[in-house]
Amino acid sequence: MRLKTYINSTFLILGILLSRNLSAQETSTFFTNLSVRDGLSSNIIACIEQDQYDFIWIGTGSGLSRFDGSQFLTFKKEASPNSLPSNELSTLLADGDYLWVGTWHGLCRLNLKTFEIQRIDLGGDIAVRALSKSENSLWVGTNSGLIQYHLKDQSFTKYSSQENLLSHNTVRTIYEDSLSNLWVGTYDGLNLLPQGESKFIKIDLPRTDSNGPSNLLILDIKTSNEKLWIGTEVGLFELNQEVNTTKKIEAEFSNNVIKCIYEDKLGKLWLGTDFGLNIFDPNSNQVATQFHNPKLSFSIANNVIWQIFEDRAGVLWFVTS
């Protein structure tokens, strides 16, 4: 209940970055915003995705919106079972001619050609928090454990802290590496599920904040070469798979709550935090920052950034408060 209340109170508006010529010395970065004034179904934004036909899909607190560059098409929960299970969306995943839609009250799949919606039975009223697709499975992170949805026979397998040694049953993020190992971030820790295994291995991340929270909430996992970048509510961590080492990144970030991670073509990490956008250069350990400026109409819409997404045209989208 604490997590849902906190997240739904902060997803408010979507920012789009139009110019990305940013360095420690350059500040000519221009943003524009989409909101209900433009036809978006709600200013409470949870997630964003692009399908294979280049439409942008935006999950909100009041339905699903498709953006074609100028207009929005909105889908909402209706009396029919062939509609969204809930208007409170949490995560999206494009998959060929389908869009997987995670909500606070279940999972569904939308056909991008016919707009037909199929609700997926996962064994009850389940809050979906994260989605990741492997070759034959859809991995579903929920508030009550991890679910492996088998695409061929539409059955599912549940993984929990009790049965499978998951560090916590609230799953926040999922990442599958090139060796088909599954990395799962929960409300309290990072977990590894080796390919073909059924028991998780908890990965200890070194912490220096003795006065911080007792749990370690994992917010995002991204990869770069042999490294995993792990965003947590107490900072950014690096896990080097080649030499099997982990370390906390000590840099002058504007805030230690690393909500999302995006790597650009120069190898710099764009970090969405609880206070500002940070562009981190791992080679120099330098950080450039961007903050909302109420006097500038082209500044980032808000200092709390939940998701950073690059579309195929090279435009960066920011889900912010």
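This write-up is about the structure you can find in this document. (Residues numbered from 1 in each chain as written. Predicted model: local features only at pLDDT ≥ 70, side-chain atom pairs only at ≥ 80, totals over all residues. Heavy atoms only, no water.)

Looking at the sheet that holds strand β17 (residues 189-193)
Spatial strand order, β15-β16-β17-β18: four strands in an open sheet with antiparallel pairing. The open sheet has two edge strands, β15 (171-176) and β18 (201-203), and neither has a second partner. With strand direction ignored, the average angle separating the axes of adjacent strands in the sheet is 25°. Looking at chain direction, strand β16 (residues 182-186) and β17 are connected through five bridges and run antiparallel. (Pairing = 2+ DSSP bridges. Helix = DSSP H or I, 4+ residues; strand = E, 2+ residues; numbered from the N terminus. Axes fitted to C-alpha atoms, helices over the stretch in contact; angles between N-to-C directions.)

Regarding the state of the cysteines
In this structure the tally under the stated criterion is zero disulfides. No disulfide involves C108; its sulfur sits 11 Å from the nearest other cysteine sulfur, which is in C47. You can call C108 buried: its relative accessible area is 0%. Considering cysteine sulfurs only, C47 is the nearest to C260, which forms no disulfide, with 13 Å between them. (Disulfide = S-S within 2.5 Å. Buried < 20%, exposed > 50% of the residue type's maximum accessible area, 1.4 Å probe, protein only.)

Re the sheet that holds strand β3 (residues 45-50)
Reading across from one edge, β3-β4-β5-β6 is the order of the four strands in this open sheet, with antiparallel pairing throughout. Two strands bound the open sheet, and with one partner strand each, they are β3 and β6 (72-75). Within this sheet the neighbouring strands show an average axis-to-axis angle of 20°, counted without direction. By the bridge criterion, five bridges tie β3 to strand β4 (residues 56-60) in an arrangement that is antiparallel. For Q50, the partnering residue across the bridge sits in β4 and is I56.

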